[in-house]
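What the coordinates show
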Amino acid sequence: QARVRVHHLSQAKARGEQIVMLTAYDAVTARILDSAGTDVLLVGDSMGNVMLDHGSTLPVTMEEMLVATRSVARATERALVLADLPFGSYESGPHEALANAVRLVKAGAHAVKLEGGSVRSESVRLISQAGIPVFGHIGFTPQSVNALGGYRVQGRGDDAAEGLVADALALAEAGAVAFIVEMVPEPVGARITRECPVPIIGIGAGARCDGQVLVWTDMAGMSEWSPRFAARFGQVGEALREAARSFGTAVRDGSFPAAEHWFSS
Ligand code: KIV
Ligand code: NA
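This structure is a prediction, so every number in the text was calculated from the model and none was measured.

Here we look at unusual backbone geometry
- The omega torsion of the bond from F256 to P257 falls at 0 degrees, within 30 degrees of zero and hence cis.
- Even without being a glycine, D53 presents a positive backbone phi close to 60 degrees.
- As for its position among the elements, D53 is in the loop between α3 (47-50) and α4 (62-75).
- Here M183, not a glycine, exhibits a phi torsion of approximately 50 degrees, which is positive.
- Along the chain, M183 turns up in the loop between β6 (178-182) and α8 (186-195).

Written out as structure tokens, the structure is:
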């Protein structure tokens, strides 16, 4: 199974084929999602919400991202492994951004992602000049939740939409190979996708993007709560609870372990 690479994503955009992306934070899950044909596995800093229960992405550290990236990368044969630069790992400037991007690549990432608009141009340029593909992330950017006044749709109104297109074009010019566009009105997602030369992967950005990404626990039905833009494609949480219940019952009623599970002298 040949590895998905950045040029395959550009080819998909050119051919009008949808790009499929999910998050992954550990080897067990990554192996399953990879074998299902997911094109890109994002080691997202949503790990802070989903796996670490911080309630936001802000506390996530480089060390935590490195552990998750190593696990996902080792378990993945086909998907492109994309890793987030966490909050505080790139904002102070291009050299810090590059140094931390290099650490993620050494941990097994094939590409890195950072949040923000044209203000990130120099960081994107330096990272891509080092031979590391960089994804941008615009629209709602969770690392800026406090400045954005909460979890709110971005890009409403002509000026805001114009601004997002300008950000995407500036970052693509600086070398960004693709973008996540999060929580923008459907027509804005469509417009960025049309006007930007590189693939646009949407989350809460409508169907006229070049692909879609979801947090895997939302997708699989593992989350107690999930945002309106997520949909459930399975009941994995309930299946896991049921498996744990059955195990408990079998231990308590003495039907597990049975002879085939133990060792004779
Ligand atoms: O961390 C993450 O899960 C993300 C996706 C929402 C794109 O950045
Ligand atoms: Na993220």
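Back to the text.
What to know about the sheet that holds strand β8 (residues 211-214)
- Taken together, the 8 strands give a closed barrel; going around it, the order is β1-β2-β3-β4-β5-β6-β7-β8, and neighbouring strands pair in parallel fashion. Strand-to-strand twist across the sheet, computed as the mean angle between neighbouring axes with direction ignored, equals 25 degrees.
- In this structure, strand β4 (residues 111-115) lies alongside strand β5 (residues 134-139), joined through 4 bridges in parallel fashion. For E115, the partnering residue across the bridge sits in β5 and is H137.

What about the site of ligand 1?
- T23, L42, G44, D45, S46, D84, H137, I180, E182, I203, V213 and V215 make up every residue found near ligand 1.
- Tallied by class, the residues present in the shell around ligand 1 amount to 5 nonpolar, 4 polar and 3 charged.

Brief notes about the packing of helix α5 (residues 94-106) against helix α6 (residues 121-129)
- Between α5 and α6, whose axes approach to 8 Å, the crossing angle comes to 40 degrees. As far as their axial angle goes, α6 and α5 are oblique. Considering the relative orientation of α5 and α6, their crossing is right-handed. Counted together, P94, A97, L98 and A101 of α5 and E122, S123, L126 and I127 of α6 form the full contact between these two elements.

Some details on the packing of α6 against helix α7 (residues 158-174)
- One way to put it is that α6 packs onto α7 with a least axis distance of 8 Å and a crossing angle of 30 degrees. One finds that α6 runs roughly parallel with respect to α7. Handedness of the α6/α7 crossing: right-handed. Contact with α6, carried on its side by S121, V124 and R125, involves A170, L171 and A174 of α7 and no other residues of that element.
- Considering only residue class, the contact of α6 with α7 consists of 4 nonpolar, 1 polar and 1 charged.

Rules behind the numbers
Residues numbered from 1 in each chain as written. Chains lettered and ligands numbered in written order. Predicted model: local features only at pLDDT ≥ 70, side-chain atom pairs only at ≥ 80, totals over all residues. Helix = DSSP H or I, 4+ residues; strand = E, 2+ residues; numbered from the N terminus. Pairing = 2+ DSSP bridges. Axes fitted to C-alpha atoms, helices over the stretch in contact; angles between N-to-C directions. Near = placed C-beta within 6 Å. Nonpolar A, V, L, I, M, F, W, Y, C, P; charged D, E, K, R; others polar. Parallel < 35°, antiparallel > 145°, perpendicular 65-115°, else oblique. Left-handed = near helix turned anticlockwise from the far one by under 90°. Contact = placed C-beta atoms within 7 Å.

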